[in-house]
Amino acid sequence: MSGLAPLRGHEDVRSALARAVRAGELPGSLLLHGPPGVGKQRLALWLGQLLLCERPGVEPCGECRSCRLSLHLQHPDLHWFFPIERPKGGGSPEKLAEGMEEERARQLAQIREQPLRTLVSDKPIGFFIQQMQTLRRVTASRPAMGSRKVFVIGDAELLVPQESSPDAANVLLKLLEEPPADTTVLLTASDPDELLPTIRSRLLPIRVRALPADDVARFLVEQRGISADAANRVARLAQGSIGHALGFLPDGGEPGPLEKRRADARLLLDAAASPRAEARFAAALRVGPAGARGVFSDVLELLAVWVRDLAAVAAGAAETVVNVDALPELEALAARLPDASAAAPRMVRLVEEARTLAHGNVNPQLTLANLLRGLSEALSS
Ligand SMILES: [Zn+2]
């Protein structure tokens, strides 16, 4: 198999979008937002395919030349941009722009070859002004094949300066202010609140929901050939996200990247539950330097899941636990901390606050040390 992985779920959004396309009422700029890994970029590419299809119906026909090119990520009028690593070295702006286009082409080729590879990255990534200038130049040119061009910009919240260049967002904003008539721009974001308000206000928001766990499990069985049991366990962890599910699966004999982050998050829970301050410092030092802001944010998100699981077990609702493989340990912990259930709302709030901080320029170790102290106080009060 080569080309895009099949699109799963989101039938309601798909039919609403297809209706708007048929009626000629699809706005020129949309924002698909929803939890990470549920298929927002895949859905945006599906919409692009539909817009470019030569015989569109309720779905893209899947067979015309345009559809085949779209499905192989080779359609000259379907442009997919996503955050990349900061290019090494310097050089003229032209050289940089060229390097970024090469990197984008390399990643597209990789997705074409391995459509199911995990999209979870450990490296700091962002958008750069040269990328957005390239995008803008293409929007100004005529479509190569049909009558329109479609642009998909994934993980658009990363346009906010951190790894990204501050000017990248401005170039995109200019485009959204005066979009060419033959151009559709589709942004995706997990957290629309992180987009610049000036950009967000120019987009029609479309909510993309998590998938039912059964759909995720079926996808894993069909596409990755794993057992139903393993698929169900991973689907539960992934909470409706195929992208996350793939991130939990082993990768080349190693635990998947999200599995490592789940272990780190578990370490933090144990440290928060420890009566020893040294244990909390040690955990903060060990997990803190994990790297890019996405990694840190994932660890904190998974920590919130551990906290909820502990609270569920303490409240006698073990059947709702997400980390089912750790049920005996959670039970032992809950037996030691009978107030965990009452403390959980405050604990989850503290984790969320730390996650918000993690989006800025904070020292992760310090943030974690403070968080663990707060969690420990919540558990013992
Ligand atoms: Zn078609």
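Residues numbered from 1 in each chain as written. Predicted model: local features only at pLDDT ≥ 70, side-chain atom pairs only at ≥ 80, totals over all residues.

## A few points about the overall build of the chain
Part 1: Within the chain one finds 16 helices and 7 strands.
Part 2: In terms of C-alpha radius of gyration, the chain reaches 22 Å, essentially the compact-globule figure of 21 Å for 381 residues.
Part 3: Projected onto its principal axes, the C-alpha positions of the chain cover 65 × 45 × 40 Å.
Part 4: Counting over 381 residues, the chain shows a buried share of 41%.
Part 5: Of the contacts formed within the chain by residues at least 6 apart in sequence, a portion of 73% connects residues at least 24 apart. (Helix = DSSP H or I, 4+ residues; strand = E, 2+ residues; numbered from the N terminus. Rg over C-alpha atoms; globule rule 2.2 N^0.38 Å. Buried ≥ 20, exposed ≤ 12 C-beta atoms within 10 Å, placed from the backbone. Contact = placed C-beta atoms within 7 Å.)

## Looking at the pairing of strand β1 (residues 29–33)
Part 1: Across the 5 residues that make up β1, a large majority, 4, are buried.
Part 2: As judged from the 5 bridges shared by β1 and strand β6 (residues 183–189), these two strands associate in the parallel manner. What sits directly across from His33, in β6, is Ala189.
Part 3: Of the pairings in the sheet, the one linking β1 to strand β7 (residues 204–207) comprises 4 bridges and is parallel in character. If you follow Leu31 over to β7, its bridge partner there is Pro205. (Pairing = 2+ DSSP bridges.)

## Remarks on the sheet that holds β6
Part 1: An order of β2-β5-β6-β1-β7 is seen for the 5 strands of this open sheet, with the pairing classed as parallel. Strands with a single pairing partner mark the edges of an open sheet, and in this sheet they are β2 (78–81) and β7. Across the sheet, the mean angle separating the axes of adjacent strands is 20° when strand polarity is ignored.
Part 2: Packed on one face of the sheet, helix α5 (residues 129–140) meets β2, β5 (149–153) and β6 and runs near 165° to β2. (Axes fitted to C-alpha atoms, helices over the stretch in contact; angles between N-to-C directions.)

## Points about the packing of helix α8 (residues 213–224) against helix α9 (residues 228–238)
Part 1: Where α8 contacts α9, the axes come no closer than 8 Å and their chain directions differ by 135°. Classed by the angle they form, the pair α8 and α9 counts as oblique. Both α8 and α9 take part in a crossing whose hand is right-handed. Counted together, Ala213, Val216, Ala217, Leu220 and Val221 of α8 and Ala228, Ala231, Asn232, Val234, Ala235, Arg236 and Ala238 of α9 form the full contact between these two elements. (Parallel < 35°, antiparallel > 145°, perpendicular 65-115°, else oblique. Left-handed = near helix turned anticlockwise from the far one by under 90°.)

## Comments concerning the nonpolar core
One recurring pattern in soluble globular proteins: nonpolar side chains tend to sit buried together.
Part 1: Val152, Ala168, Leu186, Val216, Val234 and Ala245 are the most contacted members of the largest nonpolar core, which has 65 residues in total.
Part 2: Viewed by domain, this core spans two of them, domain 1 (11–207) and domain 2 (213–249), each represented by three or more residues.
Part 3: Val152 has contacts with Gln41, Ala44, Leu45, Gly48, Trp80, Phe81 and Leu186, leaving out every residue within four places of it along the chain. (Core = buried A, V, L, I, M, F, W, Y, C linked by C-beta atoms within 7 Å. Domains from an automatic or database assignment.)

## Remarks on the domain arrangement of the chain
Part 1: You can read the domains of the chain as domain 1 (11–207), domain 2 (213–249) and domain 3 (253–380).
Part 2: The distance between the C-alpha centroids of domain 2 and domain 3 comes to 23 Å.
Part 3: The interface of domain 2 with domain 3 comprises 8 residues on the first partner and 7 residues on the second.
Part 4: Of all the secondary-structure elements, those providing two or more residues to the side of domain 2 that touches domain 3 are α9 and α10 (242–248).
Part 5: Of the residues in the side of domain 2 that touches domain 3, the class split is 3 nonpolar, 3 polar and 2 charged. (Nonpolar A, V, L, I, M, F, W, Y, C, P; charged D, E, K, R; others polar.)

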